[in-house]
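Residue-level listing of the chains:
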Amino acid sequence: MKHYIIPVFIPHLGCLHQCIFCNQKKITGCQTPVTANQVSTMIYERLNTINQKRWIEVAFYGGSFTALPENIQNELLAPASRALRNGSIHAIRLSTRPDCINKDIIANLIRQGVTIVELGVQSLDNHVLTSARRGHDSQSVTNAVKLLKESGIHCGLQLMPGLPGEDWVSLIKTVRQAITLHPEFVRIYPVIVIADTVLARLYSQGSYQPLSLEQAVARSAYMKLVFEQQGIEVIRTGLQASAELDNKTNVISGPYHPAFGELVDSYIFYLMLAGFMEQKWRASEEKLIIRHHPQDCSKVRGQCNNNINKLTAAYNITKATLYADSSVKKGCLLLEHHGRVVLFNKNLIKCI
Ligand code: SF4
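Described below are features of the structure shown in this document. (Residues numbered from 1 in each chain as written. Predicted model: local features only at pLDDT ≥ 70, side-chain atom pairs only at ≥ 80, totals over all residues. Heavy atoms only, no water.)

**Some details on the site of the ligand**
The ligand sits among His12, Cys15, His17, Cys19, Phe21, Cys22, Gln24, Gly62, Gly63, Ser64, Arg97 and Arg134. Along the lines of polarity and charge, the residues of the shell around the ligand split into four nonpolar, six polar and two charged. (Near = heavy atom within 4 Å. Nonpolar A, V, L, I, M, F, W, Y, C, P; charged D, E, K, R; others polar.)

Take a look at the structure:
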């Protein structure tokens, strides 16, 4: 069943710290926190427009939900809990800080019907967390994930490549550590420079340089690949495109792209093609036939045929022919060369 999320933004509500990269008011376009009545109206207005055959969730984003006093949490959750009880929606999810999770908080969430919690983790490198003024360390993440998993709540991690002080070594450490926590899913949001943040000031002073789009795509692709190879679902790479993010006065710099997820998937296809070439291609060969699922066509080719151009140049291929073939599974490639046929998928890319 297709998912549909009814988002409820609570910009900075409950936040104990001002993280250097964050300005939820600019990202969400919501200037004031919602009331319980508004939550109720939002849910029922959306329900009237949704195909009811979908899996529908109400999701509270943009703040530190579980840092709010319990009575406020329950007030905001009440309309969603009612909709859950009467069968209008299927689940409630919320995002919060890792250091605002304990057994009592979880018990209350379960009473209100919450079944999915997303933790704003960003990095598991303590040096990076300190630079981002997160106010918690990686141990808080380990503790929160353990408690959530023990309680049966589905737990997801939000990670942000590109924070100050992060390099490839730090990123790989974060990914490896995140895998040991066995989250149910991960979201990957490369850092962008939002107006009216400490990061924007650092950027204007020349003390912070965001990742280029190419660097952000490469890091996100690495993360997605490794998580998926470990059976951990990556439910999003890059922020959801919106009028607020398209506005240059809100996003000052950084790797924002309205189709960021597509760029990441396309880069992964390039890694698959390059992985095949490294493992199977012989220097004497010249022609390659690439069969892919019809829905993967643009991702396999890359923007402006970039993947194929790069591949043919790097490996001296005189002719690469692509065929859309519905017998090939989505995300896989069937590669014909020198009379042989090789099935290649993400799991065959060797990652460190
Ligand atoms: S990242 Fe999360 S905790 Fe930090 S300021 Fe933004 S909403 Fe608050």
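**Things to note about helix α6 (residues 138–151)**
With 14 residues, α6 ought to run about 20 Å at 1.5 Å a step, and its terminal C-alpha atoms sit 20 Å apart, in line with that. Where α6 is buried, its residues touch α4 (103–112), β4 (114–122), α5 (126–131), β5 (154–159) and α7 (168–180). At the N-terminal boundary of α6, the capping side chain belongs to Asp137, with an oxygen 3.2 Å from the backbone nitrogen of Gln139. Where α6 terminates, the next one or two residues include Gly152, which has phi positive at roughly 95°. (Helix = DSSP H or I, 4+ residues; strand = E, 2+ residues; numbered from the N terminus. Expected span 1.5 Å × (residues − 1). Contact = heavy atoms within 4.5 Å. Polar contact = N/O pair within 3.5 Å; in protein donor to acceptor, adjacent residues only side chain to side chain.)

**Here's the deal with the pairing of strand β12 (residues 333–337)**
Burial along β12 is one-sided: the residues Leu333, Leu335 and His337 are buried and none of Leu334 and Glu336 is. Summarising the sheet, strand β10 (residues 287–292) and β12 pair through four bridges and their orientation is antiparallel. Counted as the bridge partner of Ile290 is Leu335 from β12. As defined by bridge partners, β12 adjoins strand β13 (residues 340–344) across five bridges and the pair is classed as antiparallel. In the strand pairing of β13, Leu334 is matched with Leu343. The turn linking β12 back onto β13 is made up of two residues, and His338 within it adopts a positive phi angle of 50°. (Buried < 20%, exposed > 50% of the residue type's maximum accessible area, 1.4 Å probe, protein only. Pairing = 2+ DSSP bridges.)

**Comments concerning the packing of aromatic side chains**
Per the counting criterion, the structure on display carries four aromatic pairs. The interplanar angle of 40° and the centroid separation of 6.5 Å between the aromatic rings of Phe9 and Tyr61 together place this pair among those described as tilted. Remark: Tyr61 occurs in strand β2 (residues 55–61) and Phe9 occurs in strand β1 (residues 3–9); sequence separation between them is 52 residues. Residue class for Tyr61 comes out buried when judged on its relative accessible area of 14%. For the ring pair Trp168 and Tyr222, a centre distance of 5.5 Å and an interplane angle of 75° mean the geometry is edge-to-face. Taken as a pair, Trp168 in helix α7 and Tyr222 in helix α9 (residues 213–229) lie far apart in primary sequence, 54 residues in all. A relative accessible area of 36% means that Trp168 is categorised as partly exposed. Overall, the relative accessible area of 10% leaves Tyr222 in the buried class. (Phe/Tyr/Trp six-rings, centres within 6.5 Å; stacked < 30°, edge-to-face > 60°.)

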